[in-house]
Amino acid sequence: MLLAILFFLDIGVNVGVWSAMMMDVCKKVYAFEAHPVTFSKLQMLFLLNDKFKNYKIFNNAVSDNNDKVFFSDKSYLSGSNSISNTKSNILVQSIKIDDLLD
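Here we summarise the structure given alongside this text. All figures in this text were calculated on a predicted structure; none of them were measured in a lab.

**Examining the overall build of the chain**
Broken down by element type, the chain carries 3 helices and 7 strands. If you list the helices and strands of the chain from N to C, you get β-α-β-α-β-β-β-β-β-α. Burial statistics for the chain: of 102 residues in total, 37% are counted as buried. Long-range pairs, those at least 24 residues apart, make up 52% of the contacts in the chain with a sequence separation of at least 6.

In structure tokens form, the structure reads like this:
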């Protein structure tokens, strides 16, 4: 018997490798990427691929509040970007997953 996965959360999705792999086994994929340049690459990949139908992508950081946060800018495709306290980093909108799933 196949296990039906209702949804998959990909936080820090980058360009969407894991999300793309989960499309076939999940009813819905929610992908979060805060870096604006990386998000545009993710958006292009998903829009250009007809296979990807059951997804929702968010250009947000995931946090415990819905506020602006500073996000590191090491490289737009870096897997090591994260929320930071350094004001010289980029300012992005954060989102609470609890609010999204209610």
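And the narrative resumes.
**Section: the sheet that holds strand S4 (residues 61-62)**
The sheet built from 4 strands is open, its strands ordered S4-S7-S5-S6 with mixed pairing. Each end of this open sheet is capped by a strand with a single partner; those strands are S4 and strand S6 (83-84). By the bridge criterion, 2 bridges tie S4 to strand S7 (residues 90-95) in an arrangement that is parallel. Looking at S7, one finds that Val 62 is bridged to Ile 95.

**Quick notes on the pairing of strand S5 (residues 68-71)**
Alternating positions in S5 separate cleanly, Val 69 and Phe 71 being buried on one face and Lys 68 and Phe 70 remaining unburied on the opposite face. Alignment of S5 against S7, held across 4 bridges, turns out to be antiparallel. Pairing of Phe 70 across the sheet is with Leu 91, part of S7. In this structure, S5 lies alongside S6, joined through 2 bridges in antiparallel fashion. By the bridge assignment, Phe 71 is partnered in S6 with Ile 83.

**So, the sheet that holds strand S1 (residues 5-11)**
In spatial order, the strands read S1-S2-S3; together these 3 strands make up an open sheet with parallel pairing. Every interior strand has two partners, whereas the edge strands, S1 and strand S3 (55-58), have only one. Pairs of neighbouring strands in the sheet enclose a mean axial angle of 10°, with direction left out of account. Bridge count for strand S2 (residues 26-32) against S3 is 4 bridges, and the pairing is parallel. Paired with Ala 31 across the bridge in S3 is Ile 57.

**So, the side chain of Asp 10**
Here Asp 10 shows up in strand S1. What makes Asp 10 buried here is its relative accessible area of 9%. A polar side-chain atom of Asp 10 sits 2.8 Å from a polar atom in the side chain of Ser 19. For Asp 10, the contacting residues outside a window of four places in its chain are Trp 18, Ser 19, Tyr 30, Ala 31 and Phe 32.

The rules behind the values
Residues numbered from 1 in each chain as written. Predicted model: local features only at pLDDT ≥ 70, side-chain atom pairs only at ≥ 80, totals over all residues. Heavy atoms only, no water. Helix = DSSP H or I, 4+ residues; strand = E, 2+ residues; numbered from the N terminus. Buried < 20%, exposed > 50% of the residue type's maximum accessible area, 1.4 Å probe, protein only. Contact = heavy atoms within 4.5 Å. Pairing = 2+ DSSP bridges. Axes fitted to C-alpha atoms, helices over the stretch in contact; angles between N-to-C directions. Polar contact = N/O pair within 3.5 Å; in protein donor to acceptor, adjacent residues only side chain to side chain.

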